[in-house]
Every structure is written in structure tokens, then in C-alpha cells.
Amino acid sequence: MVHRQVDQIPVRLWLSTLVVLVSLLGVGIGGAKAQTADSSRIPPLQNVLYGAAYYHEYMPYERLDRDVALMQQAGLSVVRMGESTWSLWEPADGHFDYAWMDRVVAAMGKAGIKVIMGTPTYSIPTWLYRAHPEVLAQPLGGGKAFYGMRQNMDTDSPVYRFYAQRVIRNLVEHYRNNPAVIGWQIDNETSAYGASNHDVFVGFVNHLREKFGTTGNLNKAWFLNYWGEDVNAWEDLPTRDSAQSTGYKLEWSRWEQMRVTDFLAWQAALVREYRRPDQFVTTDFGGAMRHDVNEEAIAASLDVPAINVYHGTQDHFDGAQQALDEDFARSLRGTNFLVAETNAQSTDWTSSFQFPPYDGQLRADVYTHLANGANLVEYWHWASIAANQETYWKGVLSHDLEPNRAYAEVSRTAHELQKIGPHLVDLKISNPAAILWSRDSLNAIEFMPFTSGGPQWSPAHPAADYATLVRQLHKALYELNVGVDFVFPETPDFSRYKLLVVPALYIADDALLRRIADYVKNGGHVVMTFKSGFANENSAVRWVRAPGPLREAAGFSYQEFSNLEQPLALKADPFHAGVDNKVSYWAEFLMPEHAQPRAWYDHPFFGRWPAITENHYGSGTLLYEGTYLSDTLQKHVLLDVLKEATLAGPDQQLPAAVRVRHGVNRLGKRLHYYFNYSSELKSFAYPYAVGKDLLSGRAITQSITLKPWDVAIVEED
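Conventions adopted
- Residues numbered from 1 in each chain as written.
- Predicted model: local features only at pLDDT ≥ 70, side-chain atom pairs only at ≥ 80, totals over all residues.
- Heavy atoms only, no water.
- Helix = DSSP H or I, 4+ residues; strand = E, 2+ residues; numbered from the N terminus.
- Expected span 1.5 Å × (residues − 1).
- Buried < 20%, exposed > 50% of the residue type's maximum accessible area, 1.4 Å probe, protein only.
- Lys, Arg positive; Asp, Glu negative; His and termini not counted.
- Salt bridge = Lys/Arg side-chain N within 4 Å of Asp/Glu carboxyl O.
- Polar contact = N/O pair within 3.5 Å; in protein donor to acceptor, adjacent residues only side chain to side chain.
- Contact = heavy atoms within 4.5 Å.
- Pairing = 2+ DSSP bridges.
- Axes fitted to C-alpha atoms, helices over the stretch in contact; angles between N-to-C directions.
- Parallel < 35°, antiparallel > 145°, perpendicular 65-115°, else oblique.
- Left-handed = near helix turned anticlockwise from the far one by under 90°.
- Nonpolar A, V, L, I, M, F, W, Y, C, P; charged D, E, K, R; others polar.

Re helix H18 (residues 631–644)
Logical step 1: Taking 1.5 Å of rise per residue, the 14 residues of H18 would be expected to cover 20 Å, and the 20 Å separating its terminal C-alpha atoms lies within 8% of that figure.
Logical step 2: Within H18, the full set of buried residues consists of Leu633, Gln634, Val637, Leu638, Val641 and Leu642.
Logical step 3: Just beyond H18, the residue with positive phi is threonine 646, at close to 55°.

Right, dumping it as C-alpha cells:
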């Protein structure tokens, strides 16, 4: 039994003292900054990795040999382990135990199954909480912090960092030379956890000092003379708890992101210090586009990004959620990525959302991930847990731990991948369209929403917001079979894309707006929605007529806007949306200057203003939606723009439930993934060069027929 006692020093007293000293001195916590990872020593994958998270420690009885045999028979090639059980790695302060995991790693290695090991820092053990309750995340508003849920700590705390560093260093040193361990996942679904501890606030004040220089600059940027809240000494800055300043709220959200970036950069640097050079470093983002996680900045510290993707099943299985999350993950560095978690059977923290996939959906899901650029697909998890919070978040095996319908489909898919995976790994995707995604706009619109879902006197959860608008635009393009990347406010050049979609760019500095205007002037096509260009980088509304620096490129201005209490139709149904020719929630009173109106409100008052305009500026066009379109109307508007940008073609003629994704494989051959996301047989024309369906071996020349929930992967000759 490997049992090690290390670093036995009287830490409790001096660590608590260190917290006070760090706060008083204003010393930064992390010490590591985001650095671009050098992945040159990481060997390229020879095949797609396919597997599951495995937790032998959760099993109700000893069955390691049985599980490994079932995985081997199914054809799984990788497992992720270790990230969830700090309490077993270090059952007491400074006492490390590896034996329980060593036997699992050895069994996997013997079976030829690769291991991704996780650092167990996202759920602290009880002994650490008991000795240092101050490491728990203190929520805004002064609420009491309790132990019990995972991800409830202040990751900036020097106390927490001391213990986290120690467990990480010991784990990586222990497994660095184990040939079965091919990579490290740092932490798990990391976020800021809402921490507002004293050290977090002190760090924020130091950040403001560095960014603004003087309190006078801060007061001006945040308009703090409103209600007489000028800060005339840094020690007078109030906490975030009851802040009303939109500038404060926006900058605090940025600080939360910076904290997460720093924490993960610190972990990545620590793992690299002790790992074997060919072991990769990743982290699994808990879905895409989080409000307090800057995935773009974090990705620079990773050898490869990973994402956890959960999605609809049964009649809601259409590939749209996978495409949204994975287009985003692929765009972080313009590279392939890993799917660290995805649906096996059913999900949810209760038994009220149990919708196991139909026959064929598990298999189609794997190829959906690969068509988006994934190099690894792992289920969360191998075996369903018999008790606790995630009892009903089921794995490949159900609670009886026996082979079942899901296991059979996983096995079929794994054996297919053993044969054709070398043709699918490292798919290179080049898309003609991009969506400009702004985390600042997401947060700022959340602070000042444009709809409450009901009248002001009866507030409800927003029926529409920035996130729903992004989702709507992406899904419309997805359903039109247009490949999409994401670009960011920091992206220096948009010219590689023919179409740039800009949802509600509420927060933007002048330089970003000028880059968009220059993109149009130089021949680009832009679809932009309401609220764009309205506020500057400090969440202050511009004191010039809207849309500010976009006015010339957009070809209009406006001075008024209104919420819409009821949906409105557009006159004469200009985009042929039928019963869905409707707009909702918001209307800007656009005054065309040299833009051409494309649609008008059908209303005795609002009807004097256009709802949609299009402006030819330089060699390009900017279509502006001054209101929130219905899903169907949005799709029709985008199709019209696609035709104008010469991006429409045979892919837009496919049957409604058929989706296609394109790329080039490592062999230099074009691949076309066709999916039938329906319970009906689908036949359609195949318009590309003659090829072969890698799954069936059939030659593909002029047409394809897909069974329900089936897939064809055509590799051109």
C-alpha cells in the first residue's frame, strides 16, 4: 500500500496569518499568468479517443476486473479518473494514499485503455474545511458559507492554494512516469463560485488601481457622482454587495473571469512543472459561454481545450446544442478539442428529467461531436451511482451494472471507430460565417435586461436575453446547414469570413466598432441586431446619437426605443415567414439616412419606423434588426443574406431534419457528415465529388438514404 506523509509543518496558524498579510499588503494570489501553451511535445492522436469517466471508488462492491473486461470488450480506449475524490487521495492532512487508484490505473494499462487523470481540487475534503472554514466561498450579501456542495471555495485563498498545490504536485509526480496516463485534466467545470471573500475584494481593489490609476479616473468612467458615490480614496471603495453602478457590476464580472483564468493558469503551470513532457494539460469547461469564465483566455494555458456537452434526447435530439457548444470550443484556439463529458443515458439531479435516448441516438451523438471537431468523446459516466446527488445522472451501465441497450450501442460505435477513426481524427474545419460573441454584453444586458417576461409590475424570468439571442442566431444558421465559428471582441481581423453575425453588441469600445465598420467597407456582410453600439467599454451609454461609431456603416440613427408589450407583425410579410412573421420585446425607432428599409412594423404608431434595414457601405452590406425576430423569421432573414453573400447552395436544399457538416481529414480528403435527426427515412441528393461512406463502405455518387437517427460519413475519392 502506497501511503505517504509529506510536508508536515505547522501550517494552520501561519496560513491564517498569511491571509491577513496578503490582504494588507495587496499581494497577488496566483503568481501565474495565462501563457500560450507549447503543445509541440504532445504526440498527435492516431485515432479518436472514446470512453467514459470511471469511478471505481463509487462502486457498491468490488468489480474492477469485471468493469475493465466490459470496457475492453466494448472497445473503449480511454477513461477519466481521480478528479472527484480529494478525500481519498489525502484522507488526512499531509497523508497521501495512492494504492486505491494505482490498481485501477494498472488494470487499465494492462487492458490497453488510456487514462486522463484529474486534479481533485474542485471538492475539498472535510478535514480541510474543518481546519480552515475561511476557505469557503462567501456569497454576495454577507450570507453564511456552508460545507456540503462541491465548488464552494475561494480559489484565491492562500490557504486553499497551499493545500491544492500540495495535492497536485504529489499526484503529478506519482503518475508522471506511468505510461497509461496520457494527460491531466485540471480541476473540473471551474467558475468563480460567487466568492466575495475579503481577499477577493482586496484583489479587486488592486486591479482597479492598476487599470484606472486614480480614483478620479474611476469616478469618471463609472459616473460615480450619481447619487454622490464618488470614491476619493481607494480604501473607501464599497464592496460589490449592493453596488448599483453598472460600471462596477461589469468590472466585477471581469474580475471574476480574471480570477478563474489565473487559477487555471496557475494549475496548468504547476502540472507542467511535474508532468511527463508528452502528457497533455486540459480543463473541462462546464458548457460554453459562461458569464464568469473567460474561456478564450484560459484556452491559451491549455494544450487542448475540453468541454462538457449535455443536450436533448428523444424527440429533442437534433445536434443543435452540440454544435453551439462545440463551435465555441473549436473557436477558442482554432483547433480540435475534447468532449470530456456528454450524455450516456438520462441526466438530471432529480428523477423528473429521465429521457434515455432512442435507438441510434447514442451512436449518432458520437459522430455529431466528431463532425464538430472533437478528438475525444467521453461519457459521464461509466456506471450509474446508487445514491447521492447524481443518482439519476445515469452512466453507460444502469444501476444493475450489467450490459444493456446503451452498452450495446456504445460497443457498436467503438468498434466502428477502431476501423475508421484514423480517417476522422483531427478534422480540419473552415467555415464561411462567424458569430461575434461578447461576454461583456451578456453580463451588461443581464444587469439591464430588455425584457422581464411580463409587465414591469409583474416581473418574471426574462423570456429573451443576450444568451437566447445568440442561441437563436446560431440555431438558425445550423438549421440552414451553414458552418459557424465564434469570434471575440479581441479578434483583430474578421476578413476570413464572408458573413459576420453580431448579436446585441451592447458593450464595445470604439476600436471594435470601427473594425466591424471596416470589415463591411472591405466587402464583408454583417447581420447585426438591436442594442449594438449603445454603451462603451465601461457600460456607459454613449453621449452621441445611436448607434454611435456604427452610424455611417449602418446608414441610420435613432433617438428612441420602446418595449413591445405584445408581438407585432411586419407589413406584407417581406421575408415570407407566414404565421411567424412576428417581432417581440423591443423596438428601436430607426431613422434611415442612407440605409434601405427591408421591413416595417404593422402598427398605427410603430409603423412609421422600419424594423429591419440594410445598408450598402463600401463593398459590403450591413443588415440591422432593430427588434427581436421570431425564430422562423430570423431563419428567413438569414437565408436572404446568405443568398446575397453567395453562401447559399445545395446544403440549404436538404430535408428539414437532415444536417451536414464538412471538413478535411488528416489524409487531405474532404469529409461530409450527413445526419438524419428524425424517426423517418430520409433520401436526398448528394452534390459533391464521388466518395465512399466510411460507415457502410458503399460508394456515394448521386444520392443518400438515411434510416432514422442514422449517419453517413462520405470521404471523397
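Digging into the side chain of aspartate 187
Logical step 1: For aspartate 187, the position within the fold is in the loop between strand S6 (181–185) and helix H7 (198–212).
Logical step 2: Arginine 161 provides the closest opposite charge to the buried, salt-bridge-free aspartate 187, at an N-O distance of 9.5 Å.
Logical step 3: A polar contact is formed between the side chain of aspartate 187 and the side chain of threonine 121, at a distance of 2.5 Å.
Logical step 4: Each residue touching aspartate 187, except ones within four places of it in the same chain, is listed here: Thr119, Thr121, Tyr122, Tyr160, Tyr193, Phe263, Leu264, Gln267 and Asp284.

Here's the deal with the sheet that holds strand S23 (residues 627–629)
Logical step 1: Spatially, three strands are ordered S17-S18-S23 in an open sheet, and the strand pairing comes out antiparallel. Across the chains shown, the open sheet's two edge strands, defined by having one partner strand only, are strand S17 (561–569) and S23. On average, each strand axis in the sheet is inclined to that of its neighbour by 15°, with strand direction left out of account.
Logical step 2: As defined by bridge partners, strand S18 (residues 582–588) adjoins S23 across three bridges and the pair is classed as antiparallel. Of the residues in S23, the one forming a bridge with valine 583 is leucine 629.
Logical step 3: Of the strands in this sheet, S18 and S23 touch H18, which is tilted by about 95° from S23.

Points about the packing of helix H15 (residues 466–479) against H18
Logical step 1: Running from amino to carboxyl end, H15 crosses H18 at an angle of 60°, the nearest separation of the two axes being 9 Å. Comparing their axes, H18 and H15 come out oblique. In the crossing of H15 with H18, the sense of the turn from one axis to the other is right-handed. Contacts between H15 and H18 involve Gln472, Leu473, Ala476, Leu477 and Glu479 from the former and Asp631, Gln634, Lys635 and Leu638 from the latter.
Logical step 2: The residue makeup of the contact of H15 with H18, split by class, is four nonpolar, two polar and three charged.

Comments concerning the sheet that holds strand S12 (residues 433–436)
Logical step 1: In spatial order, the strands read S13-S12-S14-S15-S22-S21-S20; together these seven strands make up an open sheet with mixed pairing. Each end of this open sheet is capped by a strand with a single partner; those strands are strand S13 (484–487) and strand S20 (596–600). Geometrically, the sheet is characterised by an average inter-axis angle of 20° between neighbouring strands, direction not taken into account.
Logical step 2: Alignment of S20 against strand S21 (residues 610–617), held across four bridges, turns out to be antiparallel. Following the sheet pairing, glutamine 596 is matched in S21 by glutamate 614.
Logical step 3: In this fold H15 packs onto S12, S13, strand S14 (499–502) and strand S15 (525–529), with an angle of close to 150° to the strand it touches most, S13.

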